[in-house]
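What follows is each chain in one-letter form.
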Amino acid sequence: MRGVTKDKLLMKILVTLAAVLGLMYVAVAWYVQDLFLYGTRIGMVNASWLTVEETEERLQESLKGYSLEIKARDGQSVQIDAEDIDLGYDFGDQIQQIMDGQNSLEWLPALVRGPVKYDPEMTVVYDEEKLSAKLEAVSFLNPKEMTAPVDAKLLYSEEDGFVLQRSVTGNTIDEKAFGRKLKEALEEEQPVLDLEEAGCYREPKVTEGDSTIRSMTDRLDEVSDFEISYAFGEKKEVIDRDVIWSFYRLDSDGELVLKESAVKDYVSQLADTYDTVGAEREFQTTAGDVITVSGGPYGWMINQKKEYEELLALVKERKSVADRQPVYSRTGFAKVRGTDDIGDTYIEISIDAQHMWYYENGMLYLDTDVVTGNGGKHTKRGVAYIHNKARNATLVGEGYVSFVKYWMKVWNGIGIHDASWRSQFGGKIYLTNGSHGCINTPLDNVIKLYNRVEIGTPVVIY
């Protein structure tokens, strides 16, 4: 009897223990019924023992620090941070469905089995109003700042010949393409959206390679496979393909012909731009004043007839020439080219001061009082030059005959010479007893100047 009683007691203990353990197991299952089982991985988040809300928060945290850089084709860029537009995920009820699909009674097996992974579809959402406000502040996305693309065109007229209007890419955004690519970039959490690479710009419909343009440009290329450049001091003019095209016309048979008058017009334009005879020049006087002088025979002048003939021959031969010097009918002193082309060797004559200075390579060599035109009216103002020099010359004019020992012609009948009939120079003599226009100079100084100055030296009279 005792043996039976002992066995029953043991059985009761075991049943009681099993019941307690069962209750404990169920209690744990009840406790974790709103928590993901151990080893549950959702996306990149370890959701073990987390609620649905906590898991979604962890998933949202992965967007913290995310930003999208939008790059324009001109190098500008803008950065859009996730916080700027309330960027986040919309999970719908997917996370809750994962939770609903779990059996909390499996909490114990979950401790020993491997991880269980889920990859829910996470739709990226953002505040579109905030995104629009952010984009509106970007200059390269502002329609007012955009340049429209331009199609290539081969223009032709009898006046101007052929001109290729090249295509221009511009920077106009294709709004539909941009909106689509921006949405993709945000949804895929891309770090960079390059508008050029993504095809977000409107492009020209016709480029230089278009067949309708190419057929004619190929013909024009055959007659323009050379280049001529002119050097005007530091400035250059280049006759390249585009300029050569402007020389050609189409005849009645559709053949290309060289219009020689177009070449002549080009030379005329060069002369208008670079001839300096009579041009305005800024000049710094010995007194330190910067004045404007104009008029006079000094300067550079293209011989348009001869230059046209030579240029026409080069165009017909299709011959390349670099830094060509045009044929000049008149040149500046010592080949000086620049804004004033006077250089640092020149004669300066001030009518008001009745004084003359001669500078050689920037150094003052001679200064002397002089007497100029009577009443200050007969000596021309402008930039002239020493045309010639002569000894023992007789000057003949209306009402006078004068013998001088040293003569340097400056401008028409005006020259620099000695005046043996004068004992005084400078001051106000010229107002009542001036010359007929020449620059009367003391003999000793005119000798120094005559022996030193070269023909062609600029003479600035003001």
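Residues numbered from 1 in each chain as written. Predicted model: local features only at pLDDT ≥ 70, side-chain atom pairs only at ≥ 80, totals over all residues. Heavy atoms only, no water.

### Looking at the pattern of salt bridges
In a structure, side chains of opposite charge can pair up when their charged atoms sit close to one another.
In step 1: Overall, the coordinates contain 18 salt bridges when judged by the stated rule.
In step 2: Taking the shortest distance from any N to any O, the salt bridge between Lys183 and Glu187 comes out at 2.4 Å. Note that Lys183 and Glu187 are positioned in helix H6 (residues 175-187) at a spacing of 4 residues, about one turn of the helix.
In step 3: Across the pair Asp221 and Arg241 runs a salt bridge, and its minimum N-O distance is 3.3 Å. Taken together, the residues span a long stretch of sequence, with Asp221 in helix H7 (residues 211-222) and Arg241 in helix H8 (residues 241-245) at a distance of 20 residues. (Salt bridge = Lys/Arg side-chain N within 4 Å of Asp/Glu carboxyl O. Helix = DSSP H or I, 4+ residues; strand = E, 2+ residues; numbered from the N terminus.)

### Some thoughts on the pairing of strand S22 (residues 363-369)
In step 1: Note: strand S21 (residues 355-360) against S22, 6 bridges, orientation antiparallel. Bridged to Glu360 within S22 is Met363.
In step 2: Counted between consecutive antiparallel strands, the loop separating S21 from S22 contains 2 residues, among which Asn361 sits at a positive phi close to 55°. (Pairing = 2+ DSSP bridges.)

### Things to note about the packing of aromatic side chains
In step 1: Within the structure shown, the criterion is met by 14 aromatic pairs.
In step 2: When the ring of Tyr230 is compared with that of Phe232, the centres are 6.0 Å apart and the planes differ by 20°; the resulting orientation is stacked. Like Phe232, Tyr230 is buried.
In step 3: Chaining the aromatic ring pairs together yields one cluster made of Phe283, Tyr346, Tyr359 and Tyr462.
In step 4: The cationic tip of Arg73 hangs over the ring face of Tyr201; the distance from NZ or CZ to the ring centre is 4.0 Å.
In step 5: Its guanidinium or amino end placed over the ring of Tyr308, Lys264 lies 5.0 Å from that ring's centre, counting from NZ or CZ. (Phe/Tyr/Trp six-rings, centres within 6.5 Å; stacked < 30°, edge-to-face > 60°. Buried < 20%, exposed > 50% of the residue type's maximum accessible area, 1.4 Å probe, protein only. Lys NZ or Arg CZ within 6 Å of the ring centre and 35° of its normal.)

### Remarks on helix H10 (residues 304-317)
In step 1: If you check H10, its first and last C-alpha atoms are 20 Å apart, about what 14 residues at 1.5 Å a residue would give, namely 20 Å.
In step 2: Burial in H10 covers these residues: Glu307, Tyr308, Leu311, Leu312, Leu314 and Val315. Looking straight down H10, one finds that the buried residues subtend no more than 160° of arc, so they occupy a single side. Exposed residues on H10 whose side chains face more than 90 degrees from its buried face are Lys305 and Glu317.
In step 3: Next to the buried residues of H10 lie strand S11 (228-232), strand S12 (235-239), strand S14 (256-258), helix H9 (260-274), strand S17 (301-302) and strand S18 (321-324).
In step 4: Just past H10, the residue Arg318 takes up positive phi, approximately 55°. (Expected span 1.5 Å × (residues − 1). Arc of directions from axis to C-beta. Contact = heavy atoms within 4.5 Å.)

### Observations regarding the nonpolar core
In step 1: Ranked by internal contacts, the top residues of the largest apolar core, which has 39 residues, are Ile70, Phe178, Leu182 and Leu195.
In step 2: If you list the elements that add at least two residues to this core, you get helix H2 (52-61), strand S3 (67-71), strand S4 (77-81), helix H3 (94-100), helix H5 (128-136) and H6.
In step 3: Ranked by the residues each element gives to this core, the list is headed by H6, at 4 residues.
In step 4: Once residues within four sequence positions are removed from consideration, Ile70 is found in contact with Gln76, Ser77, Val78, Ile80, Leu135, Phe140, Phe178, Leu182, Leu193 and Leu195.
In step 5: Counting residues in hydrophobic clusters, the runner-up holds 33 residues, among them Ala152, Ile302, Tyr308 and Leu311. (Core = buried A, V, L, I, M, F, W, Y, C linked by side-chain atoms within 4.5 Å.)

### Observations concerning the sheet that holds strand S1 (residues 40-42)
In step 1: Taken together, the 3 strands give an open sheet; going across it, the order is S2-S1-S6, and neighbouring strands pair in mixed fashion. The outermost strands of the open sheet, each flanked by one partner alone, are strand S2 (45-46) and strand S6 (116-118).
In step 2: As paired elements, S1 and S2 share 2 bridges and run antiparallel to each other. For Ile42, the partnering residue across the bridge sits in S2 and is Val45.

### Quick notes on the side chain of Thr172
In step 1: Here Thr172 is to be found in the loop between strand S9 (161-165) and H6.
In step 2: Judged by relative accessible area, Thr172 falls into the buried class, the value being 15%.
In step 3: A polar atom in the side chain of Thr172 sits 2.9 Å from the backbone oxygen of Thr147.
In step 4: Beyond its immediate chain neighbours, meaning those up to four positions away, Thr172 contacts Met146, Thr147, Ala148, Pro149, Cys200, Tyr201 and Arg202. (Polar contact = N/O pair within 3.5 Å; in protein donor to acceptor, adjacent residues only side chain to side chain.)

### Overview of unusual backbone geometry
In step 1: Backbone geometry places Asp86, a non-glycine residue, at a positive phi of 55°.
In step 2: By the secondary structure assignment, Asp86 is in the loop between S4 and strand S5 (88-90).
In step 3: Notably, Asn392 is not glycine yet its phi reads approximately 55°, a positive angle.
In step 4: Take Asn392: it is sitting in strand S24 (residues 388-397).
In step 5: Given a relative accessible area of 45%, Asn392 falls into the partly exposed group.

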